Amino acid sequence: MRHLRKGQKLTQARFAKEVGLTAGQLSRLEAGEILTREVDLVKMAKVLDTEYEELKRQYFSDKFSQELLISGCSLETLDLAREKLLRLQSTRSHGRGL
């Protein structure tokens, strides 16, 4: 998100104001200290002139990567989690739920 904001030459203060956050909230959000709400991601996508789904993908991939690094997760564990997620998605798409 920070990369997109800087690419638009928006300061944290201006971007935060346009999205409806405080500069402090945005700073903590970009630092990965807090999570954002979906409604804020929608607003951010509009201000950044990007697709919501792309911003969401980038945001959560950044967040998960940070959490995995902090927890010391190995790539093997990440691969196992990917397999389980694919299995869950397949089960859900076939109408069996979780």
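Keep in mind that this is a model prediction, so the values were computed, not measured.

Per the secondary structure count, the protein chain includes six helices and zero strands. N-terminal to C-terminal, the α/β element order of the protein chain is α-α-α-α-α-α. Relative to the compact-globule value of 13 Å for 98 residues, the protein chain shows a C-alpha radius of gyration of 16 Å, a clear excess of over 25%. Scored against the burial criterion, the 98 residues of the protein chain give a buried share of 21%. Looking at the protein chain, you have 18 positive and 14 negative side-chain charges, and the mean spots of the two groups are 3 Å apart.

In this section: the packing of aromatic side chains. Applying the stated rule across the entire model yields two aromatic pairs. For the pair Tyr59 and Phe60, a centre-to-centre distance of 4.9 Å together with 75 degrees between the ring planes defines the contact as edge-to-face. Through a chain of ring-to-ring contacts, three or more aromatic side chains come together here, namely Tyr59, Phe60 and Phe64.

Another aspect to go through is the side chain of Thr36. The topology assignment puts Thr36 in the loop between helix H3 (23–30) and helix H4 (38–47). With residues up to four places along the chain from it excluded, the contact list for Thr36 reads Leu29, Leu41, Met44 and Tyr59.

Time to look at the confidence of the model for the protein chain. Reading fine detail from the predicted coordinates is not recommended where pLDDT is low. Within the protein chain, residue pLDDT values average 89, and 96% of them lie at 70 or more. Taking the mean pLDDT of every element in the protein chain, the minimum, 87, falls on helix H5 (residues 52–71) and the maximum, 95, on helix H2 (residues 12–19).

So, on to H3. Of the residues making up H3, those classed as buried are Leu26, Leu29 and Glu30. Viewed end-on, H3 has its buried residues packed into an arc of 90 degrees, placing them on one side of the element. Next to the buried residues of H3 lie helix H1 (2–7), H2, H4 and H5. Where H3 ends, the next residue or the one after it, Gly32, has phi of about 80 degrees, a positive value.

This paragraph deals with the layout of surface pockets. Taken as a whole, the largest pocket encloses approximately 160 Å³ of empty space. Taken together, Met1, Arg2, Leu29, Glu30, Gly32, Tyr59, Asp62, Lys63 and Gln66 make up the full set of residues lining the largest pocket. When contributions to the lining of the largest pocket are tallied by element, the ones reaching two or more residues are H3 and H5. Among the elements that take part in the lining of the largest pocket, H5 stands out by supplying four residues, more than any other. Tallied by class, the residues present in the lining of the largest pocket amount to three nonpolar, two polar and four charged.

Okay, the packing of H2 against H4 next. Relative to each other, H2 and H4 sit at 120 degrees, their axes nearing to 9 Å. One way to sum up the angle between H2 and H4 is to call them oblique. By crossing handedness, the relation of H2 to H4 is classed as right-handed. Between H2 and H4, the contacting residues are Phe15, Glu18 and Val19 on the first element and Asp40, Lys43, Met44 and Val47 on the second. Looking at the contact of H2 with H4, its residues break down into four nonpolar, no polar and three charged.

Reading the values: rules and limits
- Residues numbered from 1 in each chain as written.
- Predicted model: local features only at pLDDT ≥ 70, side-chain atom pairs only at ≥ 80, totals over all residues.
- Heavy atoms only, no water.
- Helix = DSSP H or I, 4+ residues; strand = E, 2+ residues; numbered from the N terminus.
- Rg over C-alpha atoms; globule rule 2.2 N^0.38 Å.
- Buried < 20%, exposed > 50% of the residue type's maximum accessible area, 1.4 Å probe, protein only.
- Lys, Arg positive; Asp, Glu negative; His and termini not counted.
- Charge placed at Lys NZ, Arg CZ, Asp CG, Glu CD.
- Phe/Tyr/Trp six-rings, centres within 6.5 Å; stacked < 30°, edge-to-face > 60°.
- Contact = heavy atoms within 4.5 Å.
- pLDDT = per-residue confidence, 0-100.
- Arc of directions from axis to C-beta.
- 1 Å grid on protein atoms, 1.4 Å probe; cavity = no way out; pocket = protein on both sides within 12 Å on 5 of 7 lines; lining within 4 Å.
- Points joined across faces, edges and corners; volume = space filled by probe spheres on them.
- Nonpolar A, V, L, I, M, F, W, Y, C, P; charged D, E, K, R; others polar.
- Axes fitted to C-alpha atoms, helices over the stretch in contact; angles between N-to-C directions.
- Parallel < 35°, antiparallel > 145°, perpendicular 65-115°, else oblique.
- Left-handed = near helix turned anticlockwise from the far one by under 90°.

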